[in-house]
Amino acid sequence: MSRTELVPGFEVSAIGFGAMALSHVYGETDPEQAPRTLEHCLDVGVSFIDTADVYGQPRPGTDGPAGTNEELLAGLLATRRDDIQLATKFGITGRLGGEQLDAKTTQGDRDYVRSACEASLRRLGTDVIDLYYMHRRDLDIPIEETVGAMAELVDEGKVRHLGLSEVTGPELRAAHGVHPIAAVQSEWSLWSRDVERNVVPTCVELGVGFVPYSPLGRGFLTGKLTREQIASDVRAGQERFDGENYDVNMRAVAVIEQVASERDATAAQVALSWLLAQGRRLGLPVVPIPGTRSPQRVTENAGAAALVLSDDQLARLDAVADQVAGTRNLTFVSDDWISAGRE
């Protein structure tokens, strides 16, 4: 696996891994399979692993972030900590449920930032987080206050680098003025390109890396996602998967599959390779974090780092976004949950 420097001094695998897929948000999980998938990530060189305090099945009778996805990673960290670039997040105090997100429940005051970090460190069983993200903005708290509290964690050696998720260009600029930001994490893919308007150019200006989540369109861009799978999990709450939009968007996927057939690759590899190429074209380091429960898919996704697409293929893929029906936001949260809703 090749490596990418998100910012000077912070190098990660060119393809990362989104650990949320190992928790319940996309349906039932296999607790015995998850550790094997994580081990396989490291075995094939996928060392940049992303989690969050809100990922995982909430325990009955408890409030706030579940934390069980972080606990899942603790076993791997106990034996292979030096092999991992670890990212986790705070700021969503609701729950990512199997059917819906407890909408717009966020917190970003100084005391909460510190307590959230301490709780994540305990669950992960480590003394330092390589990349600590603000998962979503608390719109009632100045972003400078939240990032100021995060900066204190860097000074204390609990965190190495700071990140922000789903921020606008001006929010990133304000945060970066308080403490250098290593990476922005937002949805970015062949069918979600709104970040290219303002957020990506600001990252280029400030020298901030970009970590696209859902780089495979929550699985849709692989061409393997069925209506039945969508109906059983959180994807049922996104209009892109709904009714006629499903059929319209499958025609966009056909473009990806055609390019894949030309390169003897999979649609997933083509979608990830396009993102890496787009980063090069726009002038910033890009490290996608696809998630999966299957070791086989981990290997498949890792192969995207070596796939080089032609200019003609990139041009055809560039047009995919124009064919997409529906927005990327979930229907049961407010528009300002994502950066595009606040621009």
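Structure report, in brief. Residue numbers restart at each chain and count upward from 1, following the sequence in its written direction. Whole-chain, interface and lining totals are the exception, using all residues; otherwise, since this is a predicted model, local features are given only for residues with pLDDT of at least 70 and side-chain atom pairs are given and counted only at 80 or more. The basis for every side-chain value is the complete set of heavy atoms in the structure, and neither hydrogens nor water enter the calculation.

## Quick word on the pairing of strand β6 (residues 129-134)
What counts is decided by this rule: For every residue, the accessible area (1.4 Å probe, protein chains only) is compared with the maximum for its type, and the residue is labelled buried under 20%, exposed over 50%, or partly exposed between those bounds. Counting from the N terminus, the helices are the DSSP runs of H or I reaching at least four residues and the strands are the DSSP runs of E reaching at least two. For two strands to be treated as a pair, DSSP must find at least two bridges joining them. When the strands point away from the viewer and the connection leading from the first strand across the helix to the second strand turns clockwise, the crossover is called right-handed.
Counting buried positions along β6 gives six out of six residues, so the element sits mostly inside the fold. Examined bridge by bridge, β6 and strand β7 (residues 159-165) share five bridges and lie parallel to one another. Looking at β7, one finds that I129 is bridged to V159. Regarding the hand of the β-α-β motif, the stretch spanning β6, helix α4 (residues 143-155) and β7 is right-handed.

## A word on helix α1 (residues 33-43)
Definition in use: The arc in question is the one traced by the directions running from the helix axis out to the C-beta atoms. Residue contacts are counted whenever heavy atoms from the two residues lie within 4.5 Å of one another.
Looking at α1, one finds that the buried residues are A34, T37, L38, C41 and L42. Buried residues of α1 fall within an arc of 140° about the axis and therefore sit on the same side. Buried residues belonging to α1 abut β3 (17-18), β4 (48-50), α2 (68-80) and α10 (295-302). Just downstream of α1 lies G45, where phi reads positive at about 95°.

## Observations regarding the sheet that holds strand β5 (residues 85-90)
Put simply, the rule is: The convention used is that axes are lines fitted to C-alpha atoms, helices contributing only their stretch in contact, and that angles between N-to-C directions extend from 0 to 180 degrees.
The strand order across the open sheet built from seven strands is β3-β4-β5-β6-β7-β8-β9, with neighbouring strands paired in parallel fashion. The outermost strands of the open sheet, each flanked by one partner alone, are β3 and β9 (209-213). Pairing of β7 with strand β8 (residues 183-187) involves three bridges; the strand directions are parallel. Across the sheet, the residue bridging to L164 is V184, located in β8. The sheet contacts of helix α6 (residues 199-206) involve β8 and β9, and relative to β9 the element is tilted by about 150°.

## Some details on the nonpolar core
Within soluble globular proteins, side chains that are nonpolar generally end up buried alongside one another. Note the threshold: For our purposes a nonpolar core is just a set of buried Ala, Val, Leu, Ile, Met, Phe, Trp, Tyr and Cys residues, chained together by side-chain atoms within 4.5 Å.
In terms of nonpolar packing, the biggest core is built from 80 residues, with F17, I49, L164, W188 and F210 touching the most fellow members. Broken down by element, the residue count for this core peaks at nine residues, all from helix α9 (residues 267-282). V7, F10, F48 and V287 belong to the second-largest nonpolar core, a separate cluster that totals 14 residues.

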